[in-house]
Amino acid sequence: MSFDRKIKIAPSILAADFANFGAECEAIEAQGADWVHVDVMDGHFVPNITFGPAMCAAIRPHIKGVMDVHLMIAPVDPYIDAFAQAGADVISAHVEAGPHIHRTLQAIRAAGAKAGVALNPGTPASAVEHLLDLTDLICVMTVNPGFGGQKFIDMSSKIRELRAMIGDRPVHIEIDGGVDPKTAPLVAQAGADVLVAGSAVFKGGSVKDPAPYGENIRAIRAAAEGVYA
Ligand code: DX5
Ligand code: ZN
């Protein structure tokens, strides 16, 4: 995984057909997705349950690019190796998920994955100030985690703060929740480079008719890149 700050669109398979994950991953990549975002929920840290490491291992052969695993689970540490072995390129853990995020980020890198740290909307940028050299990606939640299809919460000032804090470090800023062609320019302008989108990518399409995925991805990308024009 090489580092750059170009806009990357990361469809969340939380909005995919749950009976067809392999084919859905292939379809979104064929339609222009840069990364595949996998939302792992435990019904404890967040009020919803999705899937675990076995599902990640099962879809891995269907993903050519980056498998970006967002852990919304507590505790995190006992499961890091399982997700790394399942082939996750990026593993993100929440700052709010336990008292030892510093140790968690070290453990993710030790397991051979890129280390991401996620921040709920109510958590300030300063929560990661002492983690920047242990981190490859900061995920700024623009919804309260747990469900797809929620309304975007504007975190532009937090994104700007993080962008300044990161400086020249090779750390991605990822935005997760309510990203669509209307909200994408706000977050891109503030300094984000990885845009997760569930509903806004999968709406209108299917494995049998994947062209809308491509149209949706291109619309989000164009809106985000438009801010540099
Ligand atoms: C929310 C998840 C998001 C979610 C985004 O807990 O982390 O990745 O799937 O979905 P949309 O784009 O529908 O808000
Ligand atoms: Zn997510």
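Let us look at the structure shown here. Remember, predicted model here, so these are calculated numbers, not experimental data. (Residues numbered from 1 in each chain as written. Chains lettered and ligands numbered in written order. Predicted model: local features only at pLDDT ≥ 70, side-chain atom pairs only at ≥ 80, totals over all residues. Heavy atoms only, no water.)

1. Things to note about the coordination of the zinc ion (ligand 2)
Here is step 1: The zinc ion (ligand 2) binds to the protein through His37 (NE2), Asp39 (OD), His70 (ND1) and Asp176 (OD); the donor distances cover 2.0 to 2.3 Å.
Here is step 2: Geometry at the zinc ion (ligand 2) is octahedral, judged from its six donor atoms and the angles of 67 to 168 degrees they form at the metal. (Donors = N, O, S within 2.8 Å, 3.2 Å for Na, K, Ca; no water. Tetrahedral: all angles 85-135°; square planar, octahedral: opposite > 155°, others 65-115°.)

2. A few points about the nonpolar core
Here is step 1: If you look at the biggest cluster of nonpolar residues, it comprises 74 residues, and the most contacted ones within it are Ile13, Val38, Ile138 and Leu195.
Here is step 2: Other than its neighbours up to four places away in sequence, Leu195 contacts Ile7, Lys8, Ile9, Ala10, Ile175, Val179, Ala184, Val187, Ile220 and Ala224.
Here is step 3: With 11 residues, the next largest nonpolar core counts Val90, Ala118, Cys139 and Met141 among its residues. (Core = buried A, V, L, I, M, F, W, Y, C linked by side-chain atoms within 4.5 Å. Buried < 20%, exposed > 50% of the residue type's maximum accessible area, 1.4 Å probe, protein only. Contact = heavy atoms within 4.5 Å.)

3. Observations concerning the site of ligand 1
Here is step 1: In the region of ligand 1, 20 residues are neighbours, and Asp39, Gly149, Asp176, Gly198 and Ser199 sit closest.
Here is step 2: Asp176 is positioned such that a nitrogen or oxygen atom in its side chain is 2.6 Å from an oxygen atom of ligand 1.
Here is step 3: One of the side-chain nitrogen or oxygen atoms of Ser199 is found 2.3 Å away from an oxygen atom of ligand 1.
Here is step 4: Notes on ligand 1: free accessible area 380 Å², of which the protein chains cover 98%.
Here is step 5: Put simply, the parts of the chain that give the shell around ligand 1 at least two residues each are β2 (35-41), β3 (66-72) and β8 (194-197).
Here is step 6: Element by element, the count of residues in the shell around ligand 1 is highest for β2, at three residues.
Here is step 7: Of the residues that constitute the shell around ligand 1, the class distribution is eight nonpolar, 10 polar and two charged. (Near = heavy atom within 4 Å. Polar contact = N/O pair within 3.5 Å; in protein donor to acceptor, adjacent residues only side chain to side chain. Areas by Shrake-Rupley, 256 points an atom, 1.4 Å probe, with all protein chains shown as cover. Helix = DSSP H or I, 4+ residues; strand = E, 2+ residues; numbered from the N terminus. Nonpolar A, V, L, I, M, F, W, Y, C, P; charged D, E, K, R; others polar.)

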